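# Fold and contact review
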Amino acid sequence: MDNRYSALTIELLGMEESNFSADLGGRAKIIQLTFPIAEWTNEEPGPSEGTFQIPFSIDLPEWLPASMALAENIGNIMMLCKYRLIAQLEPMNPQNWIGKLPQLGISLFRTET
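Thresholds applied
Residues numbered from 1 in each chain as written. Predicted model: local features only at pLDDT ≥ 70, side-chain atom pairs only at ≥ 80, totals over all residues. Heavy atoms only, no water. Helix = DSSP H or I, 4+ residues; strand = E, 2+ residues; numbered from the N terminus. Rg over C-alpha atoms; globule rule 2.2 N^0.38 Å. Buried < 20%, exposed > 50% of the residue type's maximum accessible area, 1.4 Å probe, protein only. Contact = heavy atoms within 4.5 Å. Patch = residues over 30% accessible without salt bridge, like charges linked within 9 Å, V, L, I, M, F, W, Y side chains within 5 Å. Areas by Shrake-Rupley, 256 points an atom, 1.4 Å probe, with all protein chains shown as cover. Salt bridge = Lys/Arg side-chain N within 4 Å of Asp/Glu carboxyl O. pLDDT = per-residue confidence, 0-100. Phe/Tyr/Trp six-rings, centres within 6.5 Å; stacked < 30°, edge-to-face > 60°. Core = buried A, V, L, I, M, F, W, Y, C linked by side-chain atoms within 4.5 Å.

## Here's the deal with the overall build of the protein chain
- A tally of regular secondary structure across the protein chain gives zero helices and five strands.
- Each helix and strand of the protein chain, ordered N terminal to C terminal, gives the series β-β-β-β-β.
- Since a compact globule built from 113 residues should have a radius of gyration of about 13 Å, the 18 Å found for the protein chain marks it as more spread out than a globular shape.
- Seen along its three principal axes, the alpha-carbon backbone of the protein chain occupies a region of about 60 × 30 × 20 Å.
- Residues counted as buried form 25% of the 113 residues belonging to the protein chain.
- In the protein chain, once contacts between residues fewer than 6 apart in sequence are set aside, the share between residues at least 24 apart is 58%.

Pasting the structure below:
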């Protein structure tokens, strides 16, 4: 199995969710940014096994709201503002993409917090 990678990316995904009543609520994307952390070529592929570290930092926009949650017992009112970080190694082998479809953009080598 070919476990070489072409890139390591970090995606920041921010969502706002609200529920004011049984028929009033929704979801909205606040932000979705993908940051390339490392890139490799066929001549110099990324690590194929073992543990490795790649230090990085992300500059966030100043307008980005803080994470928060608000809930109230009266009427089941709920509001959330939350963020996820998704790290992904992008495989060179199409077999290592979800559904074996690179165009979906979801690697088998993916984790999130």
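Right, picking up where we left off after that structure.
## Focus: a nonpolar patch on the surface
- A cluster of nonpolar side chains, contributed by I98, L101, L104, I106 and L108, occupies part of the molecular surface with about 400 Å² of accessible area.
- Inspection of the secondary structure puts I98 in the loop between β4 (77–91) and β5 (110–112).

## A short note on the confidence of the model for the protein chain
- Residues with a pLDDT of 70 or more make up 91% of the protein chain, whose mean pLDDT is 83.
- Ranking the helices and strands of the protein chain by mean pLDDT puts strand β2 (residues 24–39) first, with 89, and strand β3 (residues 68–72) last, with 82.

## Things to note about the packing of aromatic side chains
- Under the counting rule described, the total for this entry stands at one aromatic pair.
- Here the aromatic rings of Y5 and F109 are separated by 5.4 Å at their centres, their planes lie at 80°, and the arrangement is edge-to-face. Separated by 104 residues along the polypeptide, Y5 in strand β1 (residues 5–21) and F109 in the loop between β4 and β5 bring together distant segments of the chain.

## Regarding the nonpolar core
- Of all hydrophobic cores here, the largest spans six residues; its members are L12, I30, I31, F35, L64 and C81.
- The element best represented in this core is β2, accounting for three residues.
- Apart from the residues lying within four places of it in its own chain, the contact partners of C81 are M15, I30, P65, A66, S67 and M68.
- Judged by nonpolar contacts, the second largest core, of five residues, contains L8, A38, W40 and L89.

## Considerations on the pattern of salt bridges
- Enumeration over the complete set of coordinates arrives at three salt bridges.
- With a shortest N-O distance of 3.0 Å, E17 and R27 are connected by a salt bridge. Within this pair, whereas E17 is found in strand β1, its partner R27 is found in strand β2, the two being separated by ten residues in sequence.
- Using a relative accessible area of 13% as the deciding quantity, one classes E17 as buried.
- Residue R27 is classed as exposed on the basis of its relative accessible area of 63%.
- In this structure, the salt-bridge partner of E17 is K82, at a minimum N-O distance of 3.2 Å. Of this pair, E17 sits in strand β1 while K82 sits in strand β4, and the two are 65 residues apart along the sequence.
- Taken together, the salt bridges that share partners define one network made up of E17, R27 and K82.

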